[in-house]
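Examining the three-dimensional arrangement
For reference, the chains in residue letters:
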Amino acid sequence: MKVGASSSAAAFRILIEGRVQGVGFRPFISRLAKDLGLCGWVLNDGGVVKVHVEGQISDLKMFQEALIDQAPPLALPSIGVSQAIPLEGFHHFEILKSRNDHQGDRVMAQDQGVCKPCLLELKDPQDRRYRYPFIHCTQCGPRYTVIHDFPYDRLNTVMADFPLCISCQKEYENPIDRRYHAEAMACPQCGPVLSYRKGTDGPFLMGEAALKAAIGALVAGAILAVKGMGGYHLMLDATSEDSIERLRLRKNRPQKPLAVLVSEALMDEHWPEDGTDARRLAREKLLSPDRPIVLMPLGDRALFSSGIAPGLQEIGILLCSTPLQALLLDGVGRPLIATSGNISGEPVLIDPKAVDQRLLNVADGFLHHDRPILRPADDGVFRVIEGRPRPLRIGRGGAPLMWRLKRPLMEPLLAVGADLKNTFALSKADRVIVSPHLGDLGSPRGLEVFESLVKDFERLYGIEPRQVVVDQHPGYFSRQWALDLGLPLISVGHHHAHASAAYGEWGGEGALLVFTFDGLGYGEDGTLWGGETLLGRPGCWERVGCPRSFHLVGGASASREPWRSALALLFETGRDSFRDLDPKALVKTAWRLRINTHETTSVGRLFDAAAALMGLCMTSRYEGEAPMLLEALAEKMTGIEGLSLPIEEERGLYRWDWSPLIDPLMDEGRPLSERAVLFHETLARLIGRLALRIREGHEGITAVALTGGVFQNRCLTELAIGHLKAAGFKVFLPEIFPVNDGGISFGQVIEAQALMSFNEGQGEDYGAG
């Protein structure tokens, strides 16, 4: 109805920022306005939503409160501007055609797992979308992986190639329908179609026939490449020893754990609520819209093939993120392996032709569809540590990840991250945008996808970086790539970036004591760090603690061969060999003459050495295998008291000595589990004692942070936190950004901002929001 010009009537023009596109926000506003008897319009403009609303003042107040309090579950809105304007006398409320005039912030909606209402329709024989693999609504489905440009409208997505049929158009235009302005919606009459073929030269089956053929192949033990929302999965029967053995052989992945796709019913049966916070939080994360992989206790080993996670006590499981996965899971009737469809370490594959070529010798069949994927988004991975789900990898549904700085940057930055577990970050004004996990940059395709996605983000977000932040390691592929850009570089130490990432997320004030334990990173002194304790804040970190250094023989191969780390410790302490660690004279000579050796303080390599000294793992078949096997053993036993490692202070640096651990680790009279617990408890105790020693020499230290890939280890982390809290410290462990190298790009931005500010004499003010 038309709003009269009474004294109690008013009009407002409202600009709403944040995550407000691709989340059903305009339909929500339209319904809210009509429920309150308000008139006007709403539209997308660039990356924001604009509203003109007229009505009674009391109703307008309720409207503005509800914009935030009652927003759709996937939305994260904030009101940027709310301005009273003259009444224009609108008769009704409508959604207007989008514009692209607004040049402000753009927030990318993330892909979301299929919702329960859509799953109910999928399984309802009376519904017109029964068994349709691309059923979506305003609260689920692809966003990030299908958008060409802002604003998020169908015409700006890959769905522009699928014009809506009459029935879908009616739903799209119906204000009370769940698919009112659902941009990625479709049905069997107008939407994407499945295609399947055995091998890469057989005939294609289409639609329902393709689905049935794929289900039949999985039941028969085949390995399929299946196109999902953000890339391909390799899928197979998780109960079939033979299928898993063939996958491992073909993919050259002999031991690495495999993720398993399970139904909610199986989750409820195998991992029911048990009254613990850890179980409740893990289940909540599994059921969250981003549908990540979550590490869960393996429990009943008879449920799955023993080849899924050899030697480990946990298994990575995920629930269905797409309708297609739900149909395959229901059709096979058993849990399915769902591992990334890629060559190990590379970004997940998204193009059907590339999949046919690169996975030809891995997959028996290929289940494609014709909805393009514009950019890769692998599964996120989480682990519950110290009462919170912590990301080990940010992926589909959780990224791009946007972060607000306390103070705006002086000029836009690109942070290129690390070479392993790469993410990159773009930052402008007070925003940091962190990409999803890309993988390793050591392959041509890895670097190609990285470069393409950087350019894509710069275009989508309208950010033109003026400087590039790089790791100090001179051999990093990311650094070499950045040199070719011709832009000024800001070099940031690897462990300074780790510490600054923790500080930025922490959001506190003052000095922070940060334990940065990882594999290897280029140190300020030219050696390879990995066990550093840093004190301070971004831009002014002081190295106050580290382990006794040792010299690794063999360069990069040391990270793949734990026996090299074990020999390094033995040589360093005057021993020559032990058990299977009987080196050729050439190795000892190389170590003695420092030929192809690298001095390091890496705690990650200490874990490798411990596993080798115990006979657990001499050669790693995947990254982190030795520490993971060691942790799995440690979680079988409790009650072992750790050693008190020597700590010596020299000119403000507290150096601790790992050597007392060697004899107990080699003591074959002790059970393996006891030795594993001893190692973890000794390091945890060391962290607590070292923090106390440093506090004695530096007044005012109250807060400690733990970061670096070593603290993905739940056993060590929780033990260390216990010792630190007992010593009176407040302990921070990141839960937004990974503690591993996936968080480096964010830390590079935080550190670079501090360095720029100090250079300009503006002091410090970092933070989180």
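It should be noted that the structure appears before, not after, this text.
Note that the structure is a prediction, hence the values are computed from the model and not measured.

1. Some thoughts on unusual backbone geometry
Of note, the bond from F150 into P151 is cis; its omega dihedral lies within 30 degrees of zero at -5 degrees. With respect to the helices and strands, the residue P151 is situated in the loop between α3 (116-122) and α4 (166-173). A cis geometry characterises the amide bond from A399 onward to P400, with omega recorded as 5 degrees. Relative to the helices and strands, P400 resides in the loop between β16 (388-393) and β17 (401-404). Phi is positive for A429, which is not a glycine, with a value near 55 degrees. In this fold, A429 is placed in the loop between β19 (425-428) and β20 (431-434). What makes A429 partly exposed here is its relative accessible area of 36%. In this structure, R594 takes a positive phi of about 60 degrees despite not being glycine.

2. Details of the side chain of S288
Its location among the elements puts S288 in the loop between α8 (277-287) and β11 (293-297). Given a relative accessible area of 13%, S288 falls into the buried group.

3. A few points about the pattern of salt bridges
Counted according to the given criterion, the structure contains 53 salt bridges. Between K116 and E264 there is a salt bridge, with its nearest N and O atoms 3.9 Å apart. Taken together, the residues span a long stretch of sequence, with K116 in helix α3 and E264 in helix α7 (residues 264-270) at a distance of 148 residues. Overall, the relative accessible area of 54% leaves K116 in the exposed class.

4. With respect to helix α5 (residues 207-219)
Owing to its 3.6 residues per turn, the α-helix aligns residues three or four sequence positions apart on the same side. The end-to-end C-alpha distance of α5 is 19 Å, a good match for the 18 Å that 13 residues give at a rise of 1.5 Å each. Taken together, the buried positions of α5 are A210, L211, A214, I215, A217 and L218. Angular distribution of buried residues about the axis of α5 spans 160 degrees; they occupy a single face of the element. Looking at the residues trailing α5, positive phi occurs at G221, about 100 degrees.

5. Considering the environment of I14
Residue placement: I14 occurs in strand β1 (residues 9-19). Residues I14 and V53, spaced 39 residues apart in sequence, show a C-alpha to C-alpha distance of 8.1 Å. In contact with I14, not counting residues within four places along its chain, are V49, K50, V51, V53, F63, Q64, L67, I79, V81 and S82.

6. Looking at the side chain of T533
Turning to its location among the elements, T533 is positioned in strand β24 (residues 528-537). Of the residues examined, T533 reaches a relative accessible area of 0% and is grouped as buried. The contacts of T533, once residues within four sequence positions are left out, are L513, V514, F515, F517, E542, R543, V544, G545, L690 and I694.

7. A short note on the packing of helix α17 (residues 625-634) against helix α19 (residues 672-697)
Relative orientation and spacing of two packed helices are given, respectively, by the angle between their axes and the distance between those axes. Between α17 and α19, the shortest axis-to-axis distance is 7 Å and the interhelical angle comes to 105 degrees. Taken together, the axes of α17 and α19 lie roughly perpendicular to each other. Across the interface between the two elements, L630, E631, L633 and A634 from α17 touch L672, S673, A676, V677, F679 and H680 from α19. Its residues assigned to classes, the contact of α17 with α19 comprises seven nonpolar, two polar and one charged.

8. Quick word on the sheet that holds β16
Spatially, β7-β6-β14-β8-β9-β13-β10-β12-β11-β15-β16 is the arrangement adopted by the eleven strands of the open sheet, whose pairing is mixed. Looking at strand neighbours, the two that pair on one side only are β7 (205-206) and β16, the edges of this open sheet. Summarising the sheet, β11 and strand β15 (residues 381-385) pair through two bridges and their orientation is parallel. Bridge pairing links I293 to V381 in β15. Each of β11, β12 (314-318), β15 and β16 is contacted by α8, which is oriented at about 150 degrees to β11, the strand it contacts most.

9. A short note on the packing of aromatic side chains
Scanning the model with the defined rule gives 20 aromatic pairs in all. Ring geometry for F571 against W591: centres 5.4 Å apart, planes inclined by 55 degrees, an arrangement best described as tilted. Of this pair, F571 sits in helix α14 (residues 562-572) while W591 sits in helix α15 (residues 585-593), placing them 20 residues apart in sequence. Accessibility classification places F571 together with W591 in one group, the buried group. Geometrically, the ring pair formed by F607 and F679 is edge-to-face, given 4.9 Å between the ring centres and 85 degrees between the ring planes. Here F679 lies in helix α19 and F607 lies in helix α16 (residues 603-613), a separation of 72 residues in the sequence. Put simply, the rings of Y144, F150, F424, F450, F457, Y461 and W481 pair up and form one aromatic cluster. When the ring centre of W591 is taken as reference, the NZ or CZ atom of R594 above it lies at 4.6 Å.

10. Observations concerning the nonpolar core
With 69 residues, the main nonpolar core has L328 and L367 as its most contacted residues. For L328, the contacting residues outside a window of four places in its chain are L211, A214, I215, L218, V226, M235, L336 and L367. Counting 63 residues, the second-largest nonpolar core is a separate cluster that includes L570, W656, L683 and V704.

11. Some details on empty space enclosed by the protein
Gaps left between atoms show up when a probe the size of a water molecule is rolled over them. For the coordinates displayed, the defined rule picks out seven cavities of 30 Å³ or more. Roughly 120 Å³ of volume is contained in the largest cavity. In this structure, the largest cavity is lined by 18 residues; those nearest its centre are G22, V23, G24, Y152 and H181. The dominant element in the lining of the largest cavity, judged by the number of residues it contributes, is helix α1 (residues 25-35), at three residues. Classifying every residue of the lining of the largest cavity by side-chain character gives nine nonpolar, six polar and three charged. By volume, the second largest cavity amounts to about 90 Å³. Lining the second largest cavity are 15 residues, with G231, H233, A377, D379 and R396 sitting closest to its centre. Among the residues forming the lining of the second largest cavity, the class breakdown is four nonpolar, eight polar and three charged.

12. A short note on the environment of G47
Within the fold, G47 resides in the loop between β2 (39-45) and β3 (48-56). What makes G47 buried here is its relative accessible area of 2%. Considered as a pair, G47 and A632 are 585 residues apart in the sequence and their alpha carbons are 46 Å apart. When residues no more than four places from it in sequence are discounted, the contact partners of G47 are G18, V20, Q21, D105, R106, V107 and F150.

13. As for the pairing of β1
Consecutive side chains of a regular strand alternate in pointing toward one face of the sheet and then the other. Taken across its eleven residues, β1 has eight buried, putting it largely inside the fold. Alignment of β1 against strand β4 (residues 76-85), held across nine bridges, turns out to be antiparallel. Across the sheet, R13 pairs through a bridge with Q83, a residue of β4.

Reading guide: rules and limits
- Residues numbered from 1 in each chain as written.
- Predicted model: local features only at pLDDT ≥ 70, side-chain atom pairs only at ≥ 80, totals over all residues.
- Heavy atoms only, no water.
- Helix = DSSP H or I, 4+ residues; strand = E, 2+ residues; numbered from the N terminus.
- Buried < 20%, exposed > 50% of the residue type's maximum accessible area, 1.4 Å probe, protein only.
- Salt bridge = Lys/Arg side-chain N within 4 Å of Asp/Glu carboxyl O.
- Expected span 1.5 Å × (residues − 1).
- Arc of directions from axis to C-beta.
- Contact = heavy atoms within 4.5 Å.
- Axes fitted to C-alpha atoms, helices over the stretch in contact; angles between N-to-C directions.
- Parallel < 35°, antiparallel > 145°, perpendicular 65-115°, else oblique.
- Nonpolar A, V, L, I, M, F, W, Y, C, P; charged D, E, K, R; others polar.
- Pairing = 2+ DSSP bridges.
- Phe/Tyr/Trp six-rings, centres within 6.5 Å; stacked < 30°, edge-to-face > 60°.
- Lys NZ or Arg CZ within 6 Å of the ring centre and 35° of its normal.
- Core = buried A, V, L, I, M, F, W, Y, C linked by side-chain atoms within 4.5 Å.
- 1 Å grid on protein atoms, 1.4 Å probe; cavity = no way out; pocket = protein on both sides within 12 Å on 5 of 7 lines; lining within 4 Å.
- Points joined across faces, edges and corners; volume = space filled by probe spheres on them.

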